[in-house]
Amino acid sequence: MIRKTIVSIAAVLWLTPFVIMVLIAVNQTNTTSFLDLLNPSSMGVKNFADAWQQGDFSVGFFNTLIVTVVSVAAILLLSAMAGYALSKFSFLGKKLLTALMAVTVLIPTVFFTIPVYQILRMMHVDTTLAGLILAEVGGAHVIFILMFRQFFDNLPNELTESAKMDGCSEYQMFWKIYFPISKPIIGTVVITQSIWTWNSFLFPLILSLNNPAVRTLSVGIYSFQGENIVNWGAMAAAGCITILPVVVLFLCFQKYFINGMEGAVKG
Amino acid sequence: MKTTRKNSSAAFWFLLPMVSCLIIFQLYPIALNLIYSFLNWNGISSTANFIGLDNYISLFQDAQFWNALKNSLLYALLATALQMGISFGLAYLVEYGPIRRKGFFRVIFILPIVAASAAVGMIFKTLFSYDGMVNTVLNLIGIPSVSWLSSPLWAFVLILIVSVWKEMGTLFIYWMAGFKTVSTDVIEAAKMDGLSNGGMLWRIFLPLMKPVILLVGFITFVNSLKAFDLIQTLTGGGPYFATEMLSTFIYQTAFNSSMAPPRMSYAASAAIVVVLVPVAIYGLIKIIKSALERSRS
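Here the structure is a predicted model, which means the values were calculated and not measured.

## Points about the overall build of chain A
- Check the secondary structure of chain A and you find 15 helices and 0 strands.
- Taking the principal axes of its C-alpha atoms as reference, chain A extends roughly 75 × 60 × 35 Å.
- The 267 residues of chain A split such that 57% are buried.
- The contacts in chain A between residues at least 6 apart in sequence include a share of 69% that link residues at least 24 apart.
- Surface exposure of chain A reaches about 11,400 Å², of which carbon and sulfur atoms provide 68%.
- Here chain A contributes 14 positive and 12 negative side-chain charges, whose respective centroids are spaced 8 Å apart.

As C-alpha cells, then:
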C-alpha cells in the first residue's frame, strides 16, 4: 500500500509540469498564479495564434522540421554504412578508428562549439540551416554505429555467401540486403535521433545568435523570454507546440526509443 | 562464426562519410581548440598573437572560473546522487512492486526526456515563480513563499530539482535494462527462500547490479558535468553566478559576453580544462584505489 502510494504521488509530481504548461497555454490572462490558472472562464486558444504568428514559432517549427529530417536521414546512412564496414571488413587502422570514436563520446558539446562554429564560419554556413545540419550530423554517433555493427555481426554468413553467388556487388549487398533487414536498428536510430535533434539547444542557440531567422523551436522559446514583455501564455503555447510532436512520436514508437537509450549501458 | 573480408576500396567508401565527419567535426576541432587556447584571439579579428600559456595562467587566477568549476563539481556530485537514488527507487517500485499498469507508469517517468530542455526550463520557471504553483502549495501547508529564482541557494536547489525531474527518464530506462541483467532464476530462488522485499533489494539486486550501477553512475556524473541546456534556460548561471557552471562560463565568455568583448581564446582554454576534469577525476580515483589496495595488503 505504501509502495503504491509513493509511486502514485511521484507520477502526479512528474506529470504536473506538463499539465501546468497546458493550463498556462490555454489561459488568456497571462498569469503564472496557480489560482488564476484554474479559472475556466479565461480559457481559450488565443495564445497559440499569438505564438504561431507574432512569436515567429511557425518559422521555428519549419526550421526545426527541416533540420531534424535532413540530419536524421544523414546520420542514419552514415552510421549504418560505418557499422557495416566495421562488421564486415578488416582494414588497416580499424582499432585506431574505434578508439578515436570512443574518445569523442566523453567530450562535452560545449567544447566543440568554439572550433565548430569557426569551421562553419570558414565554410560560410555559420548562420544558415545548412550549418545547423552540419553541426548536428558532425557528432560521433558512436552508439548507433555500434548498434548497427552488432546487428550485422549477428547475421549468418550464408547471407553474404548466397548474395555473392547471385552476383551482388559489395554495394548492392549493402543496399539491397543488409540495410533493408536492419529495420529494428533503423527504427531505433530514426526515433532516438529525431527526438535528440528536435530538442537540440546549444548549437542552434549559437548559430542563430546573429540570424534569428534560423531559430529552432527550442531557441525560439528561450529567446522569446528575453526579448518580449514576458508573455507566459504564448510561451507555454510555444512549449506545447515544441513538445507535442515529440511526445506523440515517443508514445507511438516507445520500444525503439527505449532501445536507443539502452544502447548507452549495453554497449 | 563471424568473418570479415578484405576489400579496402569498399571499406573506404562505406567509412568515408563517418570518417570525414569524425575528422572535420571532432578531431580537427580538438586540434583547433588547442591552438586557439594559446592565442589571444577574440573570435572576430583576422589576427591574433601567440601568447603561450597565458590564458591558462589567467584562468587559474580567475575567481569566476574557480566559482564555475566548484559549482560544476558540486552540482555533478549532488545531481548524480539524487538522480540515481530517486530513479532507482521508483524504477524498482514500478518494476517489482505491487503495481498494476506498469506500462502506464513507465511512460510517465520516461516522458521528461523527450521534452525539450528549453521548454522544460520555461515551465519550471512558471512553476517556481513567486506566485507560482509551488509557492501556493507551500503556503497551504504553512510555509512562507520562497524566491526560488533570485536567491543563490534556492536557485541551486531548483536546478537540482529540475535535473532530477528531467533525467528520471534516461535513468529509468537504464535501470530497466539493468534489472534484466539479474536472471529470473536467481529472483525465483530467492523468493523460494522466503526473502522479504527489502532483502531482495539489498541482498540480490544491489549486489548483482553493482557493475550496472557503477556504469550508470559514471555516465550520469559525466553528463552532469556537461549540463548546459537546463541551466542556461532556467537561471543563465545567475543569480550572482550562484549556478554558473563550466559550460555556461564557456558559453558566456565565447559567445554572449554582453558586458565585455568576446574572448574566444580564453574560452577555448577553459574548454580544454573542462575536458581534462573527468580525466583528472578518473586518475585520482585510480591512484586512491591502488593506494588503498596497497595499504590493505
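Further notes follow.
## Considerations on the overall build of chain B
- The number of helices and strands found in chain B is 13 helices and 0 strands.
- Counting from the amino terminus, helix and strand elements in chain B follow one another as α-α-α-α-α-α-α-α-α-α-α-α-α.
- Along the first, second and third principal axes, the C-alpha set of chain B runs to 75 × 70 × 50 Å.
- Sequence separation of 24 or more characterises 66% of the internal contacts of chain B that already satisfy a separation of 6 or more.
- Accessible surface computed for chain B: about 14,200 Å², of which carbon and sulfur atoms make up 69%.
- For chain B, the centre of its 20 positive side-chain charges and the centre of its 11 negative side-chain charges are spaced 8 Å apart.

## Here's the deal with the interface of chain B and chain A
- Every contact between the two is made by 95 residues of chain B and, on the other side, 95 residues of chain A.
- A per-residue breakdown of the area chain B buries against chain A is headed by Arg5, Phe14 and Phe25 of chain B, which together make up 11% of the total.
- At the junction of chain B and chain A, the tally comes to 1 salt bridge.
- For the pair chain B and chain A, the interface holds 6 residue pairs in polar contact (both at pLDDT 80 or more).
- Broken down by element, the residue count for the side of chain B that touches chain A peaks at 21 residues, all from helix α1 (residues 8-37) of chain B.
- In the side of chain B that touches chain A, the residues fall into 69 nonpolar, 17 polar and 9 charged.

What counts as what
- Residues numbered from 1 in each chain as written.
- Chains lettered and ligands numbered in written order.
- Predicted model: local features only at pLDDT ≥ 70, side-chain atom pairs only at ≥ 80, totals over all residues.
- Heavy atoms only, no water.
- Helix = DSSP H or I, 4+ residues; strand = E, 2+ residues; numbered from the N terminus.
- Buried < 20%, exposed > 50% of the residue type's maximum accessible area, 1.4 Å probe, protein only.
- Contact = heavy atoms within 4.5 Å.
- Areas by Shrake-Rupley, 256 points an atom, 1.4 Å probe, with all protein chains shown as cover.
- Lys, Arg positive; Asp, Glu negative; His and termini not counted.
- Charge placed at Lys NZ, Arg CZ, Asp CG, Glu CD.
- Buried area = accessible area lost by both parts, 1.4 Å probe.
- Salt bridge = Lys/Arg side-chain N within 4 Å of Asp/Glu carboxyl O.
- Polar contact = N/O pair within 3.5 Å; in protein donor to acceptor, adjacent residues only side chain to side chain.
- Nonpolar A, V, L, I, M, F, W, Y, C, P; charged D, E, K, R; others polar.

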